[in-house]
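Residue-level structural notes
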Amino acid sequence: MQAQTRPLRIGIAGLGAVGKKLAETLDAGMDGLVLSAVAVRDTAKAQATLGHLKQMPVLTDIAGLAELCDVVVECAPGALLPAIARPVLEQGKTVVVLSSGALLTNMDLIEVAKAHGGTISVPTGALLGLDAVCAAAEGEIQSVRMVTRKPVKGLLGAKYLVDNNIQIEGITEPVQIFKGSPREAAVGFAANLNVAVALSLAGIGPDRTTLEVWADPTVDKNTHNIEVVSDAALFSMQIQNIPTENPKTGRITAQSVIATLRKMRAPLRVGT
Ligand SMILES: NC(=O)C1=CN([C@@H]2O[C@H](COP(=O)(O)OP(=O)(O)OC[C@H]3O[C@@H](n4cnc5c(N)ncnc54)[C@H](O)[C@@H]3O)[C@@H](O)[C@H]2O)C=CC1
Ligand SMILES: O=C([O-])CC(=O)C(=O)O
């Protein structure tokens, strides 16, 4: 039998905290994967950002990615999700989605994927344990509860705070700012709570999963606590994410995507 030889061509949509780390890691060399193209708004700026790479990828716009890549990683503002994902899926290719919150208002993308043989992949991202949640969902899950604590600067500017006139600057004690479902959080905290939506898609959905969000001046990491009760297992998990230069995004997010991509071509694949 012949081994697969052609490397998977990876595209990146959005050259921010996640996209830059991804580009550097792919450029440093990953078995069976090659960085082909990056979609950017400002080519000159991107050339400067990526000037240290061994091999400059093609710099294009969002519409240009699908043709040039086998897999596109969406790491851009959630509002761009349909524009990034649709052409990739229409070509029967794979889109790795980080703005998972935006999937809830673009569920038609699943039909597009189905119709054309494409795949939408939602990595664990800044979270943990989605393998266990998916396994539990093969049986009966009674409840999934998530409590998120973030430093104030990881929440500033969120639509929910602005709409409800909630001031968190200068707080000296933890303040609960939201209690509800991931579906509601995806609207009010679009750039902060993709993780809650990913958790809900792995488990019991965006309406039955419960979520609390705290602005917490006593933590310096984005901290997520999750408790799952199911007929197969009860489990509790915590992750404390060290922020990147974007205080809303944990460092582990890009690494989760890198692990996802690596697995696409690995002869040994561990974890579901
Ligand atoms: N699922 C998860 O666990 C996590 C998801 N996220 C989400 O991942 C996404 C990326 O996160 P970061 O890299 O921290 O965001 P970022 O804000 O640092 O980067 C986004 C980039 O997209 C670029 N961009 C905006 N419009 C564009 C356009 N029309 N064409 C090309 N590029 C464009 C911006 O210039 C920026 O460089 C965000 O939506 C964030 O909410 C972040 C952390 C965890
Ligand atoms: O949910 C997100 O988008 C990001 C997040 O909480 C984290 O990095 O801890």
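Residues numbered from 1 in each chain as written. Chains lettered and ligands numbered in written order. Predicted model: local features only at pLDDT ≥ 70, side-chain atom pairs only at ≥ 80, totals over all residues. Heavy atoms only, no water.

1. Regarding the site of ligand 1
Around ligand 1 there are 24 residues in total, and Arg41, Ser99, Ala126, Asn194 and Thr249 lie nearest to it. With respect to ligand 1, the backbone of alanine 76 contributes an N or O atom lying 2.9 Å from an oxygen atom. The contact in question runs from an oxygen atom of ligand 1 to an N or O atom on the side chain of serine 99, over 2.7 Å. Within the residue set of the shell around ligand 1, elements represented by two or more residues are α1 (17–28) and α9 (194–202). Across the shell around ligand 1, the residue classes tally to 14 nonpolar, 9 polar and 1 charged. (Near = heavy atom within 4 Å. Polar contact = N/O pair within 3.5 Å; in protein donor to acceptor, adjacent residues only side chain to side chain. Helix = DSSP H or I, 4+ residues; strand = E, 2+ residues; numbered from the N terminus. Nonpolar A, V, L, I, M, F, W, Y, C, P; charged D, E, K, R; others polar.)

2. Topic: the site of ligand 2
Lys150, Asn192, Val195, His224 and Gly250 are the nearest of the 13 residues found near ligand 2. Within the side chain of lysine 150, one N or O atom sits 2.8 Å away from an oxygen atom of ligand 2. In this structure, an oxygen atom belonging to ligand 2 sits 2.8 Å away from a main-chain N or O atom of asparagine 192. The protein chains hide 94% of the 260 Å² of surface that ligand 2 would expose on its own. Its residues assigned to classes, the shell around ligand 2 shows 4 nonpolar, 7 polar and 2 charged. (Areas by Shrake-Rupley, 256 points an atom, 1.4 Å probe, with all protein chains shown as cover.)

3. Quick word on the UniProt feature "active site" (unreviewed entry) in the protein chain
UniProt marks His224 with the feature "active site" (unreviewed entry), using the numbering shown here. For histidine 224, the location among the structural elements is in strand β10 (residues 222–230). The residues contacting histidine 224, other than those within four sequence positions of it, are Ala126, Leu127, Met146, Val147, Thr148, Lys150, Val195, Met237, Gln238, Ile239 and Asn241. In this structure the side chain of histidine 224 is engaged in a polar contact, spanning 2.8 Å, whose partner is the side chain of threonine 148. (UniProt positions renumbered as here; feature names shortened; annotations may be inferred. Contact = heavy atoms within 4.5 Å.)

4. Brief notes about the nonpolar core
Residues Ile177 and Phe189 are the most contacted members of the largest nonpolar core, which totals 32 residues. Where this core is concerned, the elements lending two or more residues are α6 (130–137), β7 (141–150), β8 (175–180), α9, β9 (210–215), β10 and β11 (234–241). Here the element with the most residues in this core is α9; it accounts for 5 residues. Look past the residues within four positions of phenylalanine 189 in its chain and what remains in contact with it is Leu155, Ala158, Tyr160, Leu161, Ile177 and Phe178. Counting residues in each nonpolar core, the second largest holds 25 residues, with Ala23, Leu35, Cys75 and Val96 among its members. (Core = buried A, V, L, I, M, F, W, Y, C linked by side-chain atoms within 4.5 Å. Buried < 20%, exposed > 50% of the residue type's maximum accessible area, 1.4 Å probe, protein only.)

5. Looking at the packing of α1 against helix α11 (residues 252–264)
Packed helix pairs are specified by the crossing angle of their axes together with the interaxial distance, meaning the distance between the axes. Contact pair α1 / α11: the axes reach a minimum separation of 9 Å and the direction vectors enclose 40°. Taken together, α1 and α11 sit at an angle that is classed as oblique. For the crossing formed where α1 meets α11, the hand is right-handed. Along its contact with α1, which presents Val18, Lys21, Leu22, Thr25 and Leu26, the element α11 presents Thr253, Ala254, Val257, Ile258 and Leu261. (Axes fitted to C-alpha atoms, helices over the stretch in contact; angles between N-to-C directions. Parallel < 35°, antiparallel > 145°, perpendicular 65-115°, else oblique. Left-handed = near helix turned anticlockwise from the far one by under 90°.)

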